[in-house]
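Fold and contact review
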Amino acid sequence: MTCVICRSGEVNPGTTSFSVERGQMTLVLKGVPARVCNQCGEAYFDEATTRRIEEIAERVEHAGVQVAVQDYVAA
């Protein structure tokens, strides 16, 4: 697949870091599975990964954490 952002890179399976900001909470997830462009680094997440990111962010936000850095763990 060709990257829709840079239109020149190839998108391949890999991992990336992803940050989420909600209100006063900032979460950085490391090692998130994605398809990543080899030119610009744009990451594409599948539906299951996106749902899991949302679940983790909601859990961290409800815990009252302001800043968290953690490894991505699939459900």
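Residues numbered from 1 in each chain as written. Predicted model: local features only at pLDDT ≥ 70, side-chain atom pairs only at ≥ 80, totals over all residues. Heavy atoms only, no water.

Membership of the largest hydrophobic core is limited to 11 residues, which are Val 20, Met 25, Leu 27, Leu 29, Val 32, Ile 53, Ile 56, Ala 57, Val 60, Ala 68 and Tyr 72. Elements represented by at least two residues in this core include exactly β2 (25–37) and α1 (47–62). (Core = buried A, V, L, I, M, F, W, Y, C linked by side-chain atoms within 4.5 Å. Buried < 20%, exposed > 50% of the residue type's maximum accessible area, 1.4 Å probe, protein only. Helix = DSSP H or I, 4+ residues; strand = E, 2+ residues; numbered from the N terminus.)

With respect to the element layout, Thr 49 can be found in helix α1. Not counting chain neighbours up to four residues away, the residues in contact with Thr 49 comprise Val 32, Pro 33 and Tyr 72. (Contact = heavy atoms within 4.5 Å.)

Among the structural elements, Arg 52 can be located in helix α1. Apart from the residues within four sequence positions on either side, Arg 52 is in contact with Tyr 72, Val 73, Ala 74 and Ala 75.

Even without being a glycine, Arg 7 presents a positive backbone phi close to 60 degrees. Mapping Arg 7 onto the fold places it in the segment before β1 (11–22).

Further remarks concern the pairing of β2. Examined bridge by bridge, β1 and β2 share 11 bridges and lie antiparallel to one another. Directly across from Pro 13, in β2, lies its bridge partner Arg 35. Here β1 folds back onto β2 in antiparallel fashion, the turn holding 2 residues, of which Gly 23 has a positive phi close to 55 degrees. Bridge analysis of β2 against strand β3 (residues 43–44) gives 2 bridges, and the strand direction is antiparallel. Opposite Val 36, over in β3, you have Ala 43 as the bridge partner. Taking the residues that link successive antiparallel strands as the turn, the β2-β3 hairpin has 5 residues, and the phi of Gly 41 there is positive, at about 85 degrees. (Pairing = 2+ DSSP bridges.)

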